[in-house]
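# Survey of secondary and tertiary structure
Residues per chain, in single letters:
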Amino acid sequence: MFSFRDFSKIPQLSQKIPSLWLTATRRCSSSSKSYQYLSYDRDPAPQFFSEKIQNLLKSLTRLDLDRIYRRRTVPKNKVEYKFLTTEHVQKEIEDGLRRARKLLQMPPVVQVKEAEIRVVSRDPGLAHLHESNLIFTDITYGLDDFHRKIVVRKVDGSLETVPQAVRKRLNQLYFPMEGRKIRLPKMFEPELLRKCLQEEKYEFILDRLTVQFEPYEREFHEISSETFLHINGTREFDQLRSTRHFGPMVFFLACHRLTDNLLLDSIKRDFLLNAVEVIELQCLLNNHPLPAESHFRELRKDHTDRKVTQLTREIEEKLGKTEEEFKQDQICLRILREFVKNNGQKKAQLELALQAHEEAAEEKRRILEGLKTAHGIN
């Protein structure tokens, strides 16, 4: 099923429509000139969708239910109270975890795709039959928007495929997506986007970005790149933790070997295992050997067979870590030291952070051993 639009009957609209198509293109192109964004040198999709990379990204995101289900300023923000049995409570918890994992579904990271502009045919006999171009759109339901057939019959009689900006506008016209605007939202203009970044509205920018653009569009890559680099500069990584955007951000930073600030943040927050996962991710994405590979094998061993008494569990809860987690941290520290020594770009800051963490961990471990001895626990 095809539909076409003849703008020659409406002179004023026929003059405005081409300019509207170009507006979004110019704004986005002007945005791209305002900064140098980092692009992927190859298609990142195969690596991003690999099972190993996905498991690392999900672990790094850290599923925090309090943050995922925090109250937001939205129209349907309400609290519902229920009287439940123990079995129903357990079911609600499982359903909540399932919904939380769904909410953390990451936007895909794929290469930029541009609609190919090619001449389908040239027919001089149709030249100047109309004063404006005629656009024909296949409006069959269920087709992929990127591959939907959209062609333009130009005034000179030639039939061509349309550029990406026109394709997107026509798709939104016939199959509107909720929340997406035909015109580029003003917040993505260079000055206003810069203001949003300065106000550290990172999640708001990325949420709006995923609605307005498809992951394969150049504008999506440009704006997300600028946002990730700004977060890396301010070190406000925690704003995106337990959101769907944390994984793509870490993937972007690891691909371009810009993980030093993220490692510093992870060490200061006592997320040593996450810091090691960042190192593993960076090595996998850049085909580098793992530092201290034997320690990585030690981390993957199963230590769930340890018998823990109720008293031991209470002592460990007070300190915030179990004995196995203290041992795990020691292995992580060895991996981090090896990586910082050979690959760290901010060696001094990282070494100081590791030293401070090691001293704090050693003090906690001494307290743990002292409490166990005082209570007669071997």
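In what follows, the accompanying structure is described.

What counts and what doesn't
Residues numbered from 1 in each chain as written. Predicted model: local features only at pLDDT ≥ 70, side-chain atom pairs only at ≥ 80, totals over all residues. Heavy atoms only, no water. Helix = DSSP H or I, 4+ residues; strand = E, 2+ residues; numbered from the N terminus. Buried < 20%, exposed > 50% of the residue type's maximum accessible area, 1.4 Å probe, protein only. Polar contact = N/O pair within 3.5 Å; in protein donor to acceptor, adjacent residues only side chain to side chain. Axes fitted to C-alpha atoms, helices over the stretch in contact; angles between N-to-C directions. Parallel < 35°, antiparallel > 145°, perpendicular 65-115°, else oblique. Left-handed = near helix turned anticlockwise from the far one by under 90°. Contact = heavy atoms within 4.5 Å. Salt bridge = Lys/Arg side-chain N within 4 Å of Asp/Glu carboxyl O.

### Section: the environment of N286
In this structure, N286 sits in the loop between α12 (272-285) and α13 (293-299). Its relative accessible area of 15% is what places N286 among the buried residues. Residues N286 and A254, 32 residues apart in the sequence, show an inter-C-alpha distance of 8.3 Å. A polar contact of 2.8 Å, which involves the side chain of N286, links it to the backbone oxygen of Q282.

### Examining the packing of helix α7 (residues 190-198) against helix α9 (residues 218-234)
Taken N-terminus to C-terminus, the directions of α7 and α9 make an angle of 30°; their axes are 10 Å apart at the nearest point. Comparing their axes, α9 and α7 come out roughly parallel. Read as a crossing pair, α7 and α9 show a hand that is right-handed. In contact with L193, L197 and Q198 of α7, α9 contributes I223, E226, T227 and H230.

### With respect to the side chain of K168
Within the secondary structure, K168 is located in helix α6 (residues 164-174). For K168, a relative accessible area of 16% gives the class buried. At 2.5 Å, the side chain of K168 and the backbone oxygen of Q212 are in polar contact.

### Side note on unusual backbone geometry
Of note in the backbone geometry, E200 takes a positive phi value of approximately 60° without being a glycine. Mapped onto the elements of the fold, E200 is located in the loop between α7 and α8 (202-212). Non-glycine residue S242 carries a positive phi angle of around 60°.

### Things to note about the pattern of salt bridges
According to the stated counting rule, one finds 18 salt bridges in the structure shown. With its nearest N and O atoms 2.6 Å apart, the salt bridge here joins R98 to D95. A residue pair is termed a helical-turn pair when its members lie 3 or 4 positions apart in one helix, as R98 and D95 do in helix α5 (residues 86-103) at 3 residues. Of the charged contacts, one joins R269 and D238 as a salt bridge, the two residues approaching to 3.9 Å between their closest N and O atoms. On the criterion of sequence distance, the pair formed by R269 in the loop between α11 (260-268) and α12 and D238 in the loop between α9 and α10 (246-255) is long-range, its members being 31 residues apart. The exposure class of R269 is partly exposed, given its relative accessible area of 37%. Residues joined in a network through salt bridges with shared partners are R67, D238, R241, D265 and R269.

Any link to function would need more than the numbers given here.
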